[in-house]
Amino acid sequence: MKKILALTLCLVLSLSLFSGCSSEGDSDSVTINVYNWGQYIADGSDDSIDINAEFTKRTGIKVNYTTYDTNESLYAKLKTGGSSYDVIIPSDYMIAQMIAEDMLEKLNYDNIPNLKNIDARFLNPAYDPTNGYSVPYTWGTVGLVYNTKFITKPVDSWGALWDPDFKGKILMFENARDAFGIGALLLGRDINPTSQDDINAIADKLKEQRPLVQQYVMDQIFDSMVSGEAWIAPYYAGDCLYMMNDNPDLAFVRPKEGFNYFVDGICIPKGAKHKEAAEAYINFLCDPEISGQNMDYLGYSTPISAARDFLSEEVANSDIAYPDEATVDNGGKPFIFVSSDNAKAINDKWLTVRADA
């Protein structure tokens, strides 16, 4: 994991990569603002490639890179205005919501010829049926990561997060959608609840869990699980692979009740100041060699099959990062955009769950 491959990066830019950038002036004077999840791009640490530095080296376009920790915080930041981003990387259901609310720019694929590298099964998804507004960045599944040094009983269900034997050693998602998804799966209800009855039942289940939870976390999970301070947590498979690399006592399982299957996409917010430079950045991320080196560091799954040639064997052959299609088809449950009223009901109920914290 996280081993840079012995690759010779091309020093000559293809004209297609940067078509159209000239209309924005000299690329040396352009800085794009990229807003992404924390720890979600190779940054040069642990001998990885520094994606943003390499992009600047090749194009002269500088990158101002900042991070968020949930789809909802990204949405709130954009919705309230006062911010200026050129590239964002939300999840599938949030992309659908932003499309519905006219929050994204339509992409010009003349500037993104590397779209041809994306595998067909990731194109024209339900959340963006024409790929008009997004290009897949990563995909993956959500499961349980747990410490086998402290947990010796079998773990195969989301119910492990409600096990009183693990009281005070359980971590839980900090965001409403992931937390409600887990509660829904455990109760056998729709992961995309549309009735108040379902929402209430899931919230009640999450309230039952509250006395057992050590912390509600997102990026904080890394230190807590690797150090052994916490014993079990739900999280994204790519990050679990990362944690397991740092602590061999950690294991990963996709619970029997099913699991969230997600795709995160690269988008351009409405009103972006440097749209063509942003499209050059998207195109760069879709280069198989760049995607391979990026995902080799992250542990997440690339939607570009050709990129797997540039992964370490450990990542390329991992069934955590690359479960077979049957596993995803049989157990994977995607989040979809629910109505604004339902989204508000979920968030309101989540506040009542967290109010007890």
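A short tour of the structure in this document, coming up. Predicted model only: the values in this text are computed from it and were never measured.

**Observations regarding the overall build of the chain**
Along the chain, the regular secondary structure elements total 12 helices and 10 strands. The globule rule puts the C-alpha radius of gyration for 357 residues at 21 Å, and the 20 Å found for the chain is close to it. Once the C-alpha set of the chain is aligned to its principal axes, its extents read approximately 60 × 45 × 35 Å. Expressed as a percentage of its 357 residues, the buried residues of the chain come to 58%. Of the contacts made within the chain by residues no fewer than 6 positions apart, 76% connect residues no fewer than 24 positions apart.

**As for the packing of aromatic side chains**
Within this structure, the stated rule accounts for 22 aromatic pairs. Over the aromatic face of W139 sits the side chain of R121, whose NZ or CZ is 5.1 Å from the ring centroid. Looking at R177, its charged tip hangs above the ring of Y93, at a distance of 4.6 Å from the centre.

**Regarding the state of the cysteines**
Throughout the structure, instances matching the rule amount to 0 disulfides. Summary of cysteine pairing: C286 is not part of a disulfide, and the nearest cysteine sulfur, belonging to C267, is at 12 Å. Its relative accessible area of 1% is what places C286 among the buried residues.

**Considering helix 12 (residues 340-354)**
In this model, helix 12 (15 residues) spans 21 Å end to end at C-alpha, consistent with the 21 Å of a helix rising 1.5 Å per residue. Here helix 12 has its buried residues at N342, A343, A345, I346, W350 and V353. Buried residues of helix 12, viewed axially, fall in a sector of 160°; they line one side. Residues of helix 12 that are exposed and point over 90 degrees away from its buried face: D341, K344 and L351.

**A closer look at the sheet that holds strand 1 (residues 31-37)**
Pairing within the open sheet is parallel, and its 3 strands lie in the order 2-1-3. Both outer strands of the open sheet, strand 2 (62-68) and strand 3 (87-88), are each paired with one neighbouring strand and no more. By the bridge criterion, 7 bridges tie strand 1 to strand 2 in an arrangement that is parallel. Bridge assignment links W37 to a residue of strand 2, and that residue is Y68. Packing of helix 2 (residues 71-80) onto the sheet brings it into contact with strand 1, strand 2 and strand 3, and relative to strand 1 it is tilted by some 145°. Where helix 8 (residues 275-285) meets the sheet, its contacts fall on strand 1, strand 2 and strand 3, and the angle it forms with strand 1 comes to roughly 50°.

**Examining unusual backbone geometry**
One non-glycine residue, Q39, lies in positive phi territory at about 55°. Position of Q39 relative to the elements: it lies in the loop between strand 1 and helix 1 (51-59). Even without being a glycine, N124 presents a positive backbone phi close to 50°.

Reading the values: the criteria
Residues numbered from 1 in each chain as written. Predicted model: local features only at pLDDT ≥ 70, side-chain atom pairs only at ≥ 80, totals over all residues. Heavy atoms only, no water. Helix = DSSP H or I, 4+ residues; strand = E, 2+ residues; numbered from the N terminus. Rg over C-alpha atoms; globule rule 2.2 N^0.38 Å. Buried < 20%, exposed > 50% of the residue type's maximum accessible area, 1.4 Å probe, protein only. Contact = heavy atoms within 4.5 Å. Phe/Tyr/Trp six-rings, centres within 6.5 Å; stacked < 30°, edge-to-face > 60°. Lys NZ or Arg CZ within 6 Å of the ring centre and 35° of its normal. Disulfide = S-S within 2.5 Å. Expected span 1.5 Å × (residues − 1). Arc of directions from axis to C-beta. Pairing = 2+ DSSP bridges. Axes fitted to C-alpha atoms, helices over the stretch in contact; angles between N-to-C directions.

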